[in-house]
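Residues per chain are reported as follows:
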Amino acid sequence: MDKISVLDKTFVPFIGHDELMGCIDSVAERINKDFEGATDVPIVLCILNGAIMFTGELMQRLNFPCQLVSTKMTSYVGTSTTGEVQQTMPLTASVKGRRVIIAEDIIDTGLTIRAMKKILEDEGATEVRVCTMLFKPEAYRTGEHIDYVGKEIANRFIIGFGLDYNELGRNLRDIYVLEDSTFR
Ligand code: IMP
Ligand code: MG
């Protein structure tokens, strides 16, 4: 893998596709264990747009009946969070009386997850679990419990496999990190 340019920035290889697949295997295994024998059809909630690739891979590995629901949450502009989270597309189905597994691409400050959990509780979900492909512990400041983490990473800006820089880079198969990440 080589360096790539996206708009005004240069990114270098960070997590390869195969390693990502291994992280998703391990997360799916833990979820399958916890939901073994489920008869209630839990909801897998994809937080668009970032989690679209992760959710697709994760769902292929889940071995209990589950339903895919999506919503869209927005907080990032450029390479950092605005600190304000907005639900920019409503839930595509009701979560009332349902168990929900949130599928997130990455948890950074935790503000998105906190806002998402509040919405799901207000909408009557009976249980909410949080699953994320990547987690930046150094940036985390809300303290919400995270049930399933694929991989912890340093507090650096990344793109690829669903993650974007101003909407570009989502289609990359591997994850890339901003070169000389001194953006914070
Ligand atoms: P949080 O609300 O700060 O936890 O941020 C969560 C959302 O911000 C994620 O779902 C991503 O969409 C976005 N995000 C956080 N870190 C990155 C990154 O390094 N690259 C691209 N998007 C990111
Ligand atoms: Mg996201």
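It should be noted that the structure appears before, not after, this text.
None of these values were measured; they are calculated from a predicted model.

What counts and how
Residues numbered from 1 in each chain as written. Chains lettered and ligands numbered in written order. Predicted model: local features only at pLDDT ≥ 70, side-chain atom pairs only at ≥ 80, totals over all residues. Heavy atoms only, no water. Pairing = 2+ DSSP bridges. Helix = DSSP H or I, 4+ residues; strand = E, 2+ residues; numbered from the N terminus. Axes fitted to C-alpha atoms, helices over the stretch in contact; angles between N-to-C directions. Contact = heavy atoms within 4.5 Å. Buried < 20%, exposed > 50% of the residue type's maximum accessible area, 1.4 Å probe, protein only. Near = heavy atom within 4 Å. Polar contact = N/O pair within 3.5 Å; in protein donor to acceptor, adjacent residues only side chain to side chain. Areas by Shrake-Rupley, 256 points an atom, 1.4 Å probe, with all protein chains shown as cover. Nonpolar A, V, L, I, M, F, W, Y, C, P; charged D, E, K, R; others polar.

Caption draft 1: Focus on the sheet that holds strand S7 (residues 127–135). Across the sheet, six strands lie side by side as S5-S4-S3-S6-S7-S8; this open sheet has mixed pairing. Lying at the two open borders of the sheet, with one neighbouring strand each, are strand S5 (80–89) and strand S8 (148–152). Each adjacent strand pair in this sheet contributes to an overall mean axis angle of 25 degrees, direction not counted. In this structure, strand S4 (residues 67–77) lies alongside S5, joined through five bridges in antiparallel fashion. Following the sheet pairing, Met 73 is matched in S5 by Gln 87. Set on the sheet, helix H1 (residues 17–34) makes contact with strand S6 (99–107), S7 and S8; between it and S8 the angle comes to about 160 degrees.

Caption draft 2: Highlighting the environment of Leu 20. Positionally, Leu 20 belongs in helix H1. Relative accessible area serves as the criterion here: at 0%, Leu 20 is assigned to the buried category. Through-space distance from the C-alpha of Leu 20 to that of Arg 173 is 9.4 Å; in sequence the pair is 153 residues apart. Excluding its chain neighbours within four sequence positions, the residues that come into contact with Leu 20 are Ile 15, Met 133, Phe 161, Arg 173 and Ile 175.

Caption draft 3: Region of interest: the site of ligand 1. Taken together, 17 residues are adjacent to ligand 1, and Asp 105, Thr 109, Gly 110, Thr 112 and Ile 158 come closest. Within the contact set of ligand 1, an oxygen atom lies 2.9 Å away from a side-chain nitrogen or oxygen of Asp 105. Thr 109 places a side-chain nitrogen or oxygen 2.4 Å from an oxygen atom of ligand 1. Here ligand 1 has 490 Å² of accessible area as a free molecule, and 93% of this is covered by the chains. The set of elements that each furnish at least two residues to the shell around ligand 1 consists of S4, S6 and helix H3 (111–122). Counting residues per element, the shell around ligand 1 draws most heavily on S6, which supplies four residues. A class-by-class count of the residues in the shell around ligand 1 yields seven nonpolar, four polar and six charged.

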